Amino acid sequence: MSKDLVFDTPPRPASARRLEDLEKRIFAHEQVGELAPFCPETLILEFDDRFPKPQIENALTLLLQTHPAFTARFEHRPGGEVWRHGDARYPCHHCGHGSLADAQARSTRHQPTVMGTPVHVDLWHTAGGGHILALTLHPILADDAVFATIEAALCRALGADAIPAPPDEAPNHGQSGPQAQNLHAWQALLDASAIARVPHRAAPVDNGARLRATRILPRALSDHIRTQGTEDVLATALAVVLRRYSGLEAFRFVLGTPRPARHRQSGLMPLCVTPDPAQGFAQTLHHVAQSARNGRARMISAEQLVQDRLGRQDADRNPLGAVALHIMAERELPHGITRHMRPTPPLAEEVVVMAQHTHDGLHLTGDAEKGLYAQAQIERLLCHLERVITAGLERPDHPTARIEIVSTDELDALSAPYPDNVPVDPRATHEIIADHARATPDKLAVICGADRLTHGALDAQANALAHRLVALGVGAEVPVAIVIERGAAAMIAILAAMKAGGAYVPVEPDHPESRNHHILNDAGVRVVLTRKRYQNRLPAQMSATVLCLDDITDPPRGDAPQVTIHPDQMAYIMYTSGSTGKPKGVAVEHGPLSDHNQTTARVYEMSSESRELPFLPFSSDGGHERWMVPLMVGGSVVIPDGPLWTPEQTLAAMREHGCNNASIPTTYLQQLAEWAEDTRSAPPMRLYSFGGEGLAQSTFDLLSRALKAKTLINGYGPTETIMTPMVWKVAAGTQFEGVYAPLGRAVGDRRAYVLDPEMMPCPQGIVGEIYLGGTGVARGYVGKPDVTADRFIPDPFGPLLDATCGARLYRTGDLGRWREDGTIEFVGRVDLQIKVNGYRIEPGEIEAALLAEPLVSEALVLLREDGAAKRLLAYVTGPDLANGPDLLRALETKLPRHMLPEAVIVLDRMPTNANAKLDRAALPMMPAARAQGAGVTAKGPTEEKILALWREIIGVPDMGVTDDFFAMGGKSLLALKALAGMRKYWPDTALTIADLFDAPTVRTIAARIEAGGQTGRTAIALRATGTKPRLYCFPGLLVSTREYMRLTDYLGPDQPVTGFLCHSLNEEKTLNVSVEDVVAEYVAHIRAQSAGEPVALLGWSWGGLLAWEAARQLRDTVDIRLLGMVDVCDLGTDFMPGVTPQFAAGERAKLERDLQLWLGKTRMRPQWDRLIGSMDAECYAQFLRFIGNERDSLPFDGPEISSREHTFWVLIDNALVFRRHRPAPLDLPVASFSAGDSLSRGLNLMDWRKLSPRAAPAEVVAGTNHLHIIGEARFHARFKARLETAWES
Amino acid sequence: MSLSSSHSPLAQAQWRILRNHEGRYSVHPAALETPPGWEALGPPDTRAACLEKIAHLWSDMRPSALQAAMTQVEAS
């Protein structure tokens, strides 16, 4: 049983008022059908049985009659203005018996609306004799601060222990200076701080969905936080965590801030901080609290700040900050009343952290964009906040940089190697290989060209040579150079060197002589094993004994020399090809080498059945791993007999010899896969392993698809950490998120770490330097103890994780991040990392994004110094590449704004110097066209006149007749000036901006003018051809159609696009044309061109009203699949019929006098007379009001196009045109898009759902404004999705 | 980003020479605890100065166990 109560006492009269900024914004959101980030707000209170029913009902009655949130009524006046009245009465709904769950369920179903029922009041009886009150209000009426006043009023009315009402003015909300001065101070502050983000995935999905995580802090900690100041502690912890995440030194995030309860404001403030990681938590807290106080002292409205930021071309979509912190004020309730639900702040930022004290402890809630984050990341953020607070309050002077945000357990799991519990065989590599000579002497071990060696033969030949080496004095720590080409002989020589106790030093005979001589001298080589034909490549002066294989005729023998191998003894010295300086010799000991090989065999699942084709050269340590490991398990190898096998040869060899795995450099593997795919010649294989460089998903997919192997292994490792210390082993077809295939995790007795500059472990997703540690690292650099000590550092984690003490970590110089599963992703090189505006940027990430574009074959990203300026520039090559701007736009959709280069420059080839190295100085600074004019001189009077005019207008004195007007810096407004200037010379030639568009050089447009009859068009083919039906774009007022070019680029080569010119830019036009007439020309064009094909129309700003009218005229004859409406506003109050302007006493007469005085002076008098003459009385009054509202005096610089007066005239003329026009209802599919800023300004945006039953609610493109939305990639992505759906329908 | 980068507070700090049980050398920030298994040698200094000293101190890069084993073999 339920009944609606209606109270009979009249509400207190309240005067009507216009909406405040925040109310306007919320109203605009509702108007376009997309309320997010706002939502209906609910408060649920439970009263126990000490509050009898009549007492509650009376208190409610009083509340509903007197509290402004419950007496509000809204009036939507013509022109979009909304008024709030205080004379409404809303009923309380008695719901009968129910539980908290019932109350929650019912309130979620309520959908309050501004113009319908904005308030729902439900009262329930509980089983215990108490009551539950659920208040669900439209966000325009209430947020948490308003509910605070509702709670206070209700408690007063109940006569319960009074709780203090929130203060009317927020503390510290001083208005110390004038607003303009405060805005100026904020601009400087925001310019100096970067926007800190929680790192997110690279290719975000922008769908508005959110996810949420919560964490309850322990009571004791929560109490400690409260005594220290909840806001100060939380803001400091967030600052510390964000600094660790981003590496930024000066950054900002949003702090929700108390506001006066009687005003509706968003109460957001950017908090700009520069926390010093060397300082303790206490000092950092002092700094953060001071920054917050300073901010509040000069606070201005968040809306004003946002609008100011969004007016800039490069504004961030979260201009105040991408992470927000809200401390929910603690509000005690009288005994007997419990609060079950209260509103949250609007969830507009990428990550919103909310903190609220409860009886259980401090509740932390993290709410984040689902398209950007995984649940685990946000849970981790909350966990890191807790760890920083716990550590910071415990040891307030301990540097915040040293606070452990990754726990020992987490570090253990993240750094752990592939699980492997098999006990290690203590013998050396060659000893294990020799085992198989005894067990399976006749089994084939090596196939190389015509050579066939069994395990027995291999061992016997190595033994013979080993005895000879021992005789030459080879023993422990004695380097033996192997100057022999890859093949069976080299393997025998290497095994012999090890059997003799020496260390082998591989030298590629074909490598440059200078490099090889350096190796032979630097390593202290005592014996050189080589062939006669390589002897002349050895240094003339060398103390080492040279032994040519050709001279040796020792018979094979079954016994190896009696040599004991100590595990610390050197097995080999491998020279690294460093990018700078001479190659360094890396010494590797037998113990870790054998251990590595044994574990690798198990990770690779090798057995005596394994037959591997290793394609890696013997000058890389990986090349040796890949023959040693198969032989150690009794398998066999097929060694290519030349360095350059074609893909065809390689695949044929695999098939002929029955290989079941292959190890191949990534670069070559791609060619191999392409060949295999084209010829369908992939042999059946169990495993491919590869490595050497970053592997993109597209390449990985190709490998999966074309090579048909079951398992793929991506290997990684610097020589210093022995062969392949990390691998990523996956089933073919695996998808990975990220730019490159993961490097995987460590192998054997090693661990892999990602550490920040303070040597602290980075949490998952945060970029740091990759360190490899454990026993599986090299001894160091031969003869370079200082360099060794520099790169191999004490391992601080071993004692914690494995109880291994005294181990070392190798600093790889590579950047990476841990993925969720603990594998490491490669990001770039430490020495290539750059900083732009405080942001750390990995050029490799940008390069990878460019390489993922289909036509790009090479990409290079550099920070170039251009005088004092630093510019981030991208260089690309590719046989079919033409357009750098296209690539830049492609990047916009993939990379955060701070990672976008200034330009993508297309080159025929990368410039190289004499050494075939990249010649950086030869790279152009900017695209050639913009650098300077080509300076081709004019021929004939037409070209001369135009060139002089353009040079002056654009301000480029060396511009020539073949330079592009727009590429030289000609913007829309300059184009109008140029047109006006040219019309003066050729008044009889109809010149439109379309002509300038199609013929953008002096030479081409001069030809048009001279030919006659080819100018004056109003439609421009932005993309002439394509397989899809055509899109027609309608212009906003006074803009050319160039604004649609970025969209056209984004829609791609299949999507033909035509743009129409704004009629105001056309030839002298007739006064007071109707919208119908303006559109008629466009309609005729579409009708003629579409010829039965479907079309889509798109209108931006006032162009939307034109598109709507065009659709009305076309709908019977043309198949219109979609009407796209971008930020289309209806007429405002200025010229809306029915809006009567208000004047102060005598104001109207004064304005009329001013108008007459001005008309006496202006050269556009005839045009103005005609325009004013066509106004009716109401419109004339509105015109006077409009002039009166203008801050500047009336302009008289007309009538040139682009003059202020001309623009003003066009604006008024256009207002009159639209004043007489009302869009008619149409049954057509409409997709509409609103700029976040237009909503926040409360503009009178069109609600297309009122005009078409097939109109969807608007999609809100946050972080952009009315002007910039049309060039915004996030709008392009959304429109493209809608357009593609429309074409499929 | 790296330890040698001048931006890192660690790079500007004082460092120490450490040696482990195998006789291998390295450097470590003086402000941080010496990791187990390592002993500090000499007074703190700049990172570069510590590395320079190591260039002289660590003349035989063979681990101590190997040195001992090889000495034994020679003696026998």
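Everything that follows concerns the structure shown earlier in this document.
Owing to the predicted nature of the structure, the values given are computational and were not obtained by experimental measurement. (Residues numbered from 1 in each chain as written. Chains lettered and ligands numbered in written order. Predicted model: local features only at pLDDT ≥ 70, side-chain atom pairs only at ≥ 80, totals over all residues. Heavy atoms only, no water.)

### Quick notes on the overall build of chain A
Put simply, the rule reads: Note on conventions: DSSP H or I runs of at least 4 residues are helices, E runs of at least 2 residues are strands, and numbering of each starts at the N terminus. Computed with a 1.4 Å probe, the accessible areas rest on the Shrake-Rupley method; for each residue, only the protein chains presented here act as cover. Note that His is not counted, nor are the chain ends; the positive residues are Lys and Arg, and the negative ones are Asp and Glu. Here the site of a charge means NZ on Lys, CZ on Arg, CG on Asp, or CD on Glu.
The helix and strand inventory of chain A stands at 39 helices and 49 strands. Summarising its shape, the C-alpha atoms of chain A cover approximately 120 × 95 × 55 Å along the three principal directions. Looking at chain A as shown, the accessible area adds up to about 51300 Å², and 52% of this sits on carbon and sulfur atoms. Here chain A carries 132 positive and 154 negative side-chain charges, and the mean point of each set is 2 Å from the other.

### Topic: helix α39 (residues 1273-1288) of chain A
Put simply, the rule is: One less than the number of residues in a helix, times 1.5 Å, gives the span that helix is expected to have. Here the term buried applies to any residue with accessible area under 20% of the maximum for its type, exposed to any over 50%, and partly exposed to those in between, with areas from a 1.4 Å probe on protein chains only.
With 16 residues, α39 of chain A should cover 22 Å at 1.5 Å per step; its first-to-last C-alpha distance of 23 Å lies within 8% of that length. Taken residue by residue, α39 of chain A has Ala1273, Arg1274, Phe1275, His1276, Arg1278, Phe1279, Leu1283, Ala1286 and Trp1287 of chain A as its buried positions.

### Things to note about the interface of chain B and chain A
The criterion, for reference: Two residues qualify as a contact provided that any one of their heavy atoms is within 4.5 Å of a heavy atom in the partner residue. Counted as salt bridges are all cases of a side-chain nitrogen of Lys or Arg within 4 Å of a carboxyl oxygen of Asp or Glu. Between N or O atoms, a polar contact is any pair within 3.5 Å; within protein, one atom must be a potential hydrogen donor and the other a potential acceptor, and residues adjacent in sequence are included only when both atoms are from side chains.
In this complex, chain B contributes 32 residues to the contact, which on the side of chain A involves 41 residues. Along the contact surface separating chain B from chain A lie two salt bridges. In this structure, Arg24 of chain B engages Glu589 of chain A in a salt bridge whose closest nitrogen and oxygen atoms are separated by 3.2 Å. In this assembly, chain B and chain A are joined by seven residue pairs in polar contact (both at pLDDT 80 or more). Every element with two or more residues in the side of chain B that touches chain A is listed here: α1 (9-12), β1 (15-20), β2 (25-29), α2 (47-57) and α3 (64-75) of chain B.

### Examining the side chain of His110 of chain A
Within the secondary structure, His110 of chain A is located in the loop between α4 (100-109) and β7 (119-125). If we ignore the near neighbours within four places in the chain, the residues touching His110 of chain A are His120, Asp122 and Thr136 of chain A.

### Things to note about the nonpolar core
Residue and element names in this part refer to chain A. Note the following rule: Throughout this description, the term nonpolar core refers to a set of buried Ala, Val, Leu, Ile, Met, Phe, Trp, Tyr and Cys residues connected via side-chain atoms within 4.5 Å.
Residues Ile225, Phe253, Leu271, Val351, Tyr753 and Leu850 are the most contacted members of the largest nonpolar core, which totals 112 residues. Sorting elements by how many residues they give to this core places helix α8 (residues 230-246) first, with ten residues. When near neighbours in sequence (up to four residues on either side) are disregarded, Val351 contacts Val198, Arg210, Ala322, Val323, Ala324, Asp367, Ala368, Tyr373, Ile378 and Leu381. Within the second largest apolar cluster, 63 residues are counted, among which are Cys1062, Val1079, Val1095 and Met1164.

### Details of the sheet that holds β2 of chain B
All names here are of chain B. For the record, the criterion: What makes two strands pair is DSSP finding at least two bridges between them. To define axes, lines are fitted to C-alpha atoms, for helices over the stretch in contact only, and angles between the resulting N-to-C directions are given on a 0 to 180 degree scale.
Sheet architecture is open: three strands sit in the order β2-β1-β3, paired in antiparallel fashion. Pairing within the sheet leaves two strands with one partner each, and these edge strands are β2 and β3 (38-45). Neighbour-to-neighbour, the strand axes of this sheet turn through a mean angle of 30 degrees, independent of strand direction.

### Things to note about the packing of helix α13 (residues 429-439) of chain A against helix α17 (residues 590-603) of chain A
All names here are of chain A. Selection criterion: If an angle is under 35 degrees, it is roughly parallel; if it is over 145, roughly antiparallel; if it lies from 65 to 115, roughly perpendicular; otherwise it is oblique. Three classes are used: nonpolar for Ala, Val, Leu, Ile, Met, Phe, Trp, Tyr, Cys and Pro, charged for Asp, Glu, Lys and Arg, and polar for all others, with Gly counted as polar.
Interhelical geometry of α13 versus α17 gives an angle of 50 degrees and a closest axis separation of 8 Å. Put simply, α13 runs oblique to α17. Of the residues in α17, those in contact with Thr429, His430 and Ile432 of α13 are His590, Leu593, Ser594, Asn597 and Gln598. When the residues that make up the contact of α13 with α17 are grouped by side-chain class, the tally is two nonpolar, six polar and no charged.

### Focus on the sheet that holds strand β2 (residues 17-18) of chain A
Hydrogen bonds between backbone groups are what pair the strands of a sheet, and the pairing can be parallel or antiparallel. Residues and elements named next belong to chain A. Pairing is antiparallel in the open sheet, where three strands are placed in the order β2-β5-β4. Of all strands in the sheet, those with a lone pairing partner are β2 and β4 (73-76), marking the two edges. The pairing of β4 with strand β5 (residues 82-85) spans four bridges and is classified as antiparallel. Bridging from a neighbouring strand, His76 pairs with Val82 of β5.

### A word on empty space enclosed by the protein
All names here are of chain A. Heads up, the condition is: Site definitions follow a grid-based scheme: protein atoms alone, a 1 Å grid, a 1.4 Å probe that fits but cannot get out for cavities, and for pockets an open set with protein on both sides within 12 Å along at least five of seven lines, plus lining residues having an atom within 4 Å of a point. Grid points are joined across faces, edges and corners, and a volume is the space filled by probe spheres set on the points.
Under the counting rule described, the total for this entry stands at nine cavities of 30 Å³ or more. Roughly 70 Å³ of internal volume is contained in the largest cavity. If you trace the largest cavity, you find it lined by Pro1035, Gly1036, Leu1037, Cys1062, His1063, Val1075, Val1078, Trp1102, Leu1106, Asn1214, Val1217 and Phe1218. Secondary-structure elements contributing two or more residues to the lining of the largest cavity are α32 (1075-1090) and α37 (1204-1219). For the lining of the largest cavity, the element with the highest residue contribution is α37, accounting for three residues.

### Here we look at the environment of Leu872 of chain A
Residues and elements named next belong to chain A. Considering the arrangement of structural elements, one finds Leu872 in strand β41 (residues 869-877). Expressed as a C-alpha distance, the spacing of Leu872 and Met899, which sit 27 residues apart in the sequence, is 8.7 Å. Apart from residues lying up to four places away in sequence, Leu872 is in contact with Ile834, Ile841, Ile846, Val861, Leu862, Leu863, Met899, Leu900, Pro901, Glu902 and Ala903.

### Focus: the pattern of salt bridges
Residues and elements named next belong to chain A. Tallied over the entire structure, the rule returns 76 salt bridges over all chains. Here Arg342 ties to Asp144 by a salt bridge, and the two come within 2.6 Å at their closest N and O atoms. Of this pair, Arg342 sits in the loop between β14 (337-341) and β15 (351-357) while Asp144 sits in helix α5 (residues 144-158), and the two are 198 residues apart along the sequence. Asp144 matches Arg342 in its accessibility class, with the two residues each being buried. Between Arg309 and Asp191 there is a salt bridge; the shortest N-O distance is 3.0 Å. With Arg309 in helix α10 (residues 302-310) and Asp191 in helix α6 (residues 179-191), the pair connects residues that are 118 residues apart, well separated along the chain. Ionic contacts of the salt-bridge type, sharing partners, join the residues Asp144, Glu151, Arg331, Arg339 and Arg342 into one network.

### Some remarks on the pairing of strand β11 (residues 251-256) of chain A
All names here are of chain A. Across the six residues that make up β11, a large majority, six, are buried. Neither face of β11 is left uncovered, since the one carrying Phe251, Phe253 and Leu255 and the one carrying Arg252, Val254 and Gly256 both have all their residues buried. As paired strands, strand β9 (residues 194-195) and β11 are joined by two bridges and run parallel to one another. By the bridge assignment, Ala194 is partnered in β11 with Phe251.

### Thoughts on unusual backbone geometry
Excluding glycine, most residues fall at negative phi; most peptide bonds, likewise, are trans. Residues and elements named next belong to chain A. Of the consecutive residues Ala36 and Pro37, the connecting peptide bond is found in the cis state with omega at 10 degrees. Within the fold, Pro37 resides in the loop between α1 (21-32) and β3 (41-47). In this model, Ala1091 sits at a positive phi of 45 degrees, which is unusual for a non-glycine residue. Secondary-structure assignment places Ala1091 in the loop between α32 and β46 (1095-1100).

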